[in-house]
Amino acid sequence: MIRLSLSTRRADLLAIALYATIVAVLALIYLGQAVQAGAGAPLMPVDDAYIHFQYARQAAEGQPFVYNPGQGPTSGATSLLYPFVLALGYKLGFTALNLGYWAYLIGAVALLASALTVRAMSRAAGLTRWLYDVLGASVAAWGALVWHAYSGMETVLVVAFVLLTLHAFERQNLRTFVLAALVLAILRPEASIMAGLAAMLYGLREFRLRGLRRQQLWLMLPVFAVAAQPLLNIMLTGTSSASGSQAKSLLSIVPFDLGYVAQRVAGNFVRAWEGFLLGFEGLDNWMLPPLLGVAALAGLYRLARSRPLTALLVLLWLVGIFAGISALDTAFWHFRRYHMPLLVLAFPLTAHAAALLASRPRIRAGLILWALTAALMFNVPYIERQRLNVEAVAAQPLAMAHWIFDNTPLDALIAVHDVGLVRYIGGRTTLDMVGLTTAGAAESWRNGPGAVGEYLVHALRRPDYFAAYPDARGLSYLADSLYGDQLAGFSYEFDPRTNVALGGPLQGIYAPAWIGASAAAEPRVDAVRRYIENYTLSDMLNVAEITSERAHSYTWRNTSRFDGFATEMYLFVTPGCAAECRVLDGGRRLNGSESFVMSAQPGSDTILVSRVHAPSGGNIRIVINNSLVIERTLPAVPGQFVEIPTLIPAEQAASGKLNITIQPSAPDTLIFPYRHWLYSGTHVSETESSPSITFANDSIGLTPDLALADGLLTVRMNWSTDGTASGDWIAFVHVYGRAALDSPPVLQSDLRPGQGALPPGAWLSGTLSDCIVLDFGGLPADDYVVAVGLYDPVTFERLVPIVTNSSTVVQDRRVLLEIPERVPSC
């Protein structure tokens, strides 16, 4: 008996030595590449690792959960425990990039512990010594897991405690189980669910076998620990959800489409199981030794026969956690780092499958040797992938961080996309556009680049620099509107199949361009400004700015799903504007409706002014208080903002609140709203008493006034309506030789009224005037005549004019006017 014990102990020590050698050799290979890329200090292959590093540094310096020194706590570290494990290394002297050495040590220890636990589980499954030794070695040498062990992330630490929790559960070792499950619960959110499930099943088994006992109360610790991170998030940030979950969850996708989300989650779930059962996603991305997952299912069957509760736990983990991970937009990022704690279960389950093959020793030996052979072979591609990714990190985020450290003021605020190295090495305060480490930004990120742009424009402090991709996930909108001069650029060409380090081939540092941001605060169309010049601003809704939307109970819906993002930001010129016409604004992309509540002055008329991007034009219906319906026309003006006024009579504002819904009159009309203003006052309709020309059953009146002086023809187009004008019409002023009326005009102006900004279907009752100047200086001497009228911008069909003066000539739906020699009136 004593000799057997000594023999077992010697075998255990030899196994530890063997596994430690495998782990150490691979660590040195990975470390060599990482140190070479980092020019003397190890680089991690993913920028996310440096988010943990920054939280760790702050924890070591007495500011736990704080990302930027001096700011409040944030929940960007998705692991509650891991930053504190790293912080210990920081306190021991592993600072700056050298904290990577400590991360390597943690990964190596976790990898060794995982291999030893699988060996112990395989022995418990009934395998002979050499078989369980080999299966444990397979885990130590498993290329995919080795990559994660040296990625700087907490992945393999989670793997180690998943295995230890399962082993203690299976062996009914209460103390070890409680400790392992407790640690597991504070390592990652999905791991906490695994720990909670295990604790509940353990308690159920204990109650059935032994009844209720005092020591079983320890099982409540892992259950309580499940709530630790949400409770801390509430205490520190005011919300239970970690910012990482807000930024990455498909359940947070905007617009939320249950069918689309269900399809994505189901697709991710199926793909997760394909990876588990087949071991790979395409021939270039191997995760598990091929078909090891199939063997694992056979092992699960054997486990269910001998230890049904353990088998139930494994099944709940595989099904439930795969499903939970499938709800992440990033479910397969970083070579399936979220899946690794589940994929590793294939190894101990394969031990049970091998136990089923006791009568077929050669097949059993072949299965175990195949696991080791494939696991070792995986190191070839994963070592190469690590090299490529640490080189990418060196070329882009690290180089960018050094540039920021060397070239920006100490108090600079940097808006970033990949936030890890820029903060950790760059040493400047960061504003995380994704929202992982900046409180409140994740919701804007999920709403798209327009909302991100609004968040930046209206931040308490606008960033001094952008350090980001110009084209990753909608950032091209910001590159075109907010990014100014490129101060530095960092390029790296990569293969998307092997890249996990970068979001694009170029990251740049840009000076911000806030041109047009101030101009966006009020209407810019001169004709609209004249409508409201005696009115007082009562309220303003900034669409895509989340705080403003929430304050106005803003809701929106689409009748069909858009490709792309829910919001956009543009720097556009506004037609009909004489000053500050370039406007920077963010808005929503709608083909359905928007509803909101605005405050008005009780008993006063109100004018609603809506800034819209209307690339296709069309008619919209504005519903006030679910009773009054007003039709408005959007002109088709791609690449420009238009501003549409709507008069709301005083009786609608009796309560001081207006419930407003804007929807398309036709199902295919696109409404891209950007901003709504509400002005209160008294509307005075100054209509033209007897216009010389009328259109559309007298709903549109026109009295043109012409003058020619110093070779310049000035035409004042005096428009009027009683409020019934409709449609989108372009006003034309064409100059012809009197003998060439059927030829193309020699001079012309073709603009919507309001200097190109207001089609008749967007007028308020009253008058507006346009002044058009045409230069006669380059024309030969001739007898010229002017033709005026309106035509459809799509069909070019002219609207029929009716003239009050019988001597006025109308030809081909054009009103022909003589050119008088007198002083212009404009």
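Sequence order as written defines residue numbering, which begins from 1 separately in each chain. Predicted model: local features are reported for residues with pLDDT of at least 70 only, side-chain atom pairs are reported and counted for 80 or more only, and whole-chain, interface and lining totals are derived from all residues. The side-chain values count all of the structure's non-hydrogen atoms but skip hydrogen atoms and water molecules.

1. A short note on the overall build of the chain
So, step 1. What the chain contains, in helices and strands, is 26 helices and 26 strands.
So, step 2. Projected onto the principal axes, the alpha-carbon positions of the chain cover approximately 125 × 55 × 50 Å.
So, step 3. By the burial criterion, 57% of the 826 residues in the chain qualify as buried.
So, step 4. Pairs at least 24 apart in sequence give 74% of the contacts found in the chain among residues at least 6 apart. Secondary structure is summarised from DSSP: a helix means a run of H or I of at least four residues, a strand means a run of E of at least two, and numbering begins at the N terminus for each. Burial classes: relative accessible area under 20% of the type maximum marks a residue as buried, over 50% as exposed, and values in between as partly exposed (1.4 Å probe, protein chains only). Residues count as neighbours in contact if any of their non-hydrogen atoms are within 4.5 Å of one another.

2. Focus: the nonpolar core
So, step 1. Residues enter a nonpolar core if they are buried and are Ala, Val, Leu, Ile, Met, Phe, Trp, Tyr or Cys, with the set joined through side-chain atoms within 4.5 Å. Among the nonpolar cores identified, the biggest contains 182 residues, and Trp142, Tyr150, Phe177, Met433, Leu456 and Leu482 are the most heavily contacted of them.
So, step 2. Ignoring sequence-local partners within four residues, the contact set of leucine 456 consists of Ala415, Leu431, Met433, Arg462, Pro463, Phe466, Leu478, Leu482 and Trp514.
So, step 3. Formed by 68 residues, the second largest nonpolar core is a distinct cluster that contains Ile620, Ile624, Ile671 and Ile819.

3. Topic: the state of the cysteines
So, step 1. Two cysteine sulfurs form what is called a disulfide whenever their separation falls within 2.5 Å. In total, this model carries 1 disulfide according to the counting rule given.
So, step 2. Between the sulfur atoms of cysteine 577 and its disulfide mate cysteine 581 the distance is 2.2 Å. The sign of the S-S torsion, about -95 degrees, decides the handedness of the disulfide formed by cysteine 577 and cysteine 581: left-handed. For the pair cysteine 577 and cysteine 581, one class covers both residues: buried.

4. Re unusual backbone geometry
So, step 1. Residue valine 254 is joined to proline 255 through a cis peptide bond whose omega torsion reads 0 degrees.
So, step 2. On the secondary structure map, proline 255 appears in the loop between α12 (243-248) and α13 (258-278).
So, step 3. The phi dihedral of alanine 544 falls on the positive side, at around 80 degrees, and the residue is not glycine.
So, step 4. Within the element layout of this structure, alanine 544 appears in the loop between β6 (536-542) and α26 (546-551).

5. Here we look at the pattern of salt bridges
So, step 1. Each reported salt bridge corresponds to a side-chain nitrogen of Lys or Arg within 4 Å of a carboxyl oxygen of Asp or Glu. In total, this model carries 26 salt bridges according to the counting rule given.
So, step 2. Of the charged contacts in the structure, one is a salt bridge between arginine 337 and aspartate 48, with a shortest N-O distance of 3.7 Å. Of this pair, arginine 337 sits in the loop between α16 (333-336) and α17 (340-343) while aspartate 48 sits in helix α2 (residues 48-60), and the two are 289 residues apart along the sequence. Per residue, the accessibility class of arginine 337 equals that of aspartate 48, and both read buried.
So, step 3. Through salt bridges with shared partners, one network takes in Asp12, Arg119, Arg123 and Asp133.

6. Describing the packing of α13 against helix α14 (residues 292-306)
So, step 1. Look at α13 against α14: their axes get within 4 Å of each other, and the N-to-C directions meet at 90 degrees. If you check the angle between α13 and α14, you find them roughly perpendicular. Residues Trp273, Phe276 and Leu277 of α13 pack against Gly293, Val294, Ala296 and Leu297 of α14.
So, step 2. In this classification, the charged set is Asp, Glu, Lys and Arg, the nonpolar set is Ala, Val, Leu, Ile, Met, Phe, Trp, Tyr, Cys and Pro, and all remaining amino acids, among them Gly, are polar. For the contact of α13 with α14, a count of residues per class yields 6 nonpolar, 1 polar and no charged. With axes taken as lines fitted to C-alpha atoms, and helix axes fitted only over the stretch in contact, angles between N-to-C directions fall between 0 and 180 degrees. Roughly parallel means an angle under 35 degrees; roughly antiparallel, over 145; roughly perpendicular, 65 to 115; everything else is oblique.

7. Comments concerning the pairing of strand β15 (residues 657-664)
So, step 1. Pairing between strands is defined by DSSP: at least two bridges between the two strands are required. Relative to β15, strand β10 (residues 593-599) is paired through 6 bridges, and the arrangement is antiparallel. Considered in β15, the bridge of serine 595 is made with threonine 661.

8. Topic: the environment of alanine 654
So, step 1. Counting through the fold element by element, alanine 654 comes out in the loop between β14 (641-648) and β15.
So, step 2. Alanine 654 gets classed as exposed once you look at its relative accessible area, which sits at 59%.
So, step 3. Measuring from C-alpha to C-alpha, the distance between alanine 654 and glycine 701 comes to 33 Å, with 47 residues separating the pair along the chain.

9. Here we look at the sheet that holds strand β23 (residues 784-791)
So, step 1. Taken in spatial order, the 5 strands of this open sheet run β21-β20-β23-β26-β25, and their pairing is antiparallel. Of all strands in the sheet, those bounded by a partner on one side alone are β21 (747-751) and β25 (809-811). The average angle at which neighbouring strand axes cross in this sheet is 25 degrees, direction not considered.

10. With respect to the side chain of aspartate 539
So, step 1. The residue aspartate 539 is located in strand β6 in this model.
So, step 2. Buried charge without a partner: aspartate 539 forms no salt bridge, and the closest opposite charge is lysine 657, 6.1 Å away.
So, step 3. A distance of 2.9 Å separates polar atoms of two side chains, one belonging to aspartate 539 and the other to histidine 552.
So, step 4. By the criterion applied in these results, polar contacts are pairs of N or O atoms within 3.5 Å in which, for protein atoms, one can donate a hydrogen and the other can accept it, and in which residues neighboring in sequence qualify only through two side-chain atoms. For aspartate 539, the side chain forms a polar contact with the main-chain nitrogen of serine 599, separated by 2.9 Å.
So, step 5. The residues touching aspartate 539, leaving out its near neighbours within four places in the chain, are His552, Met598, Ser599, His676, Trp677 and Leu678. Charge counting follows a simple rule: Lys and Arg are positive, Asp and Glu are negative, and His as well as the terminal groups are ignored.

11. With respect to the packing of helix α7 (residues 155-171) against helix α15 (residues 308-326)
So, step 1. Direction vectors running N to C along α7 and α15 enclose 155 degrees, while the axes themselves pass 9 Å from each other. In terms of orientation, α7 and α15 fall into the roughly antiparallel class. Seen from above, α7 lies across α15 with right-handed handedness. Along its contact with α7, which presents Val162, Thr165, Leu166, Phe169 and Glu170, the element α15 presents Leu309, Thr310, Leu313, Val314 and Trp317.
So, step 2. Class assignment of the residues belonging to the contact of α7 with α15 gives a composition of 7 nonpolar, 2 polar and 1 charged. Take the far helix as your reference; a near helix turned counterclockwise from it by less than a right angle gives a left-handed crossing, and one turned clockwise gives a right-handed crossing.

12. Let's talk about the pairing of strand β18 (residues 700-709)
So, step 1. Most of β18 sits out of view: 7 of its 10 residues are buried.
So, step 2. One ladder, built from 3 bridges, connects strand β17 (residues 693-695) with β18; its direction is antiparallel. Note on β18: the bridge partner recorded for isoleucine 693 is leucine 702.
So, step 3. The antiparallel hairpin formed by β17 and β18 contains 4 residues in its connecting segment, where alanine 696 sits at a positive phi of about 50 degrees.
So, step 4. Pairing of β18 with strand β19 (residues 712-721) involves 9 bridges; the strand directions are antiparallel. Bridge pairing links threonine 703 to asparagine 718 in β19.

13. Side note on a nonpolar patch on the surface
So, step 1. Patch criteria: residues need more than 30% relative accessible area and no salt bridge. Like-charged residues are merged within 9 Å; nonpolar side chains of Val, Leu, Ile, Met, Phe, Trp and Tyr are merged within 5 Å. For the accessible areas, the method is Shrake-Rupley and the probe is 1.4 Å, while residue cover comes only from the protein chains on display. On the surface, Leu217, Met220 and Phe224 cluster together to form a nonpolar patch covering roughly 320 Å² of accessible area.
So, step 2. On the secondary structure map, leucine 217 appears in the loop between α9 (189-210) and α10 (220-226).
So, step 3. Given the relative accessible area of 56%, leucine 217 is considered exposed.

14. Looking at the environment of threonine 804
So, step 1. Note that threonine 804 resides in the loop between β24 (801-803) and β25.
So, step 2. Given a relative accessible area of 60%, threonine 804 falls into the exposed group.
So, step 3. It is 33 Å that separates the C-alpha atoms of threonine 804 and glutamate 533, two residues lying 271 residues apart in sequence.
So, step 4. Non-local contacts of threonine 804, meaning those with residues more than four positions away in its chain, are made with Pro691 and Ser692.

15. Focus on the side chain of aspartate 47
So, step 1. Structurally, the position occupied by aspartate 47 is in the loop between α1 (2-37) and α2.
So, step 2. Overall, the relative accessible area of 3% leaves aspartate 47 in the buried class.
So, step 3. Polar side-chain contacts of aspartate 47 include one of 3.0 Å to the backbone nitrogen of leucine 421.
So, step 4. What aspartate 47 contacts, discounting residues up to four positions off in sequence, is Pro397, Asp418, Val419, Gly420 and Leu421.

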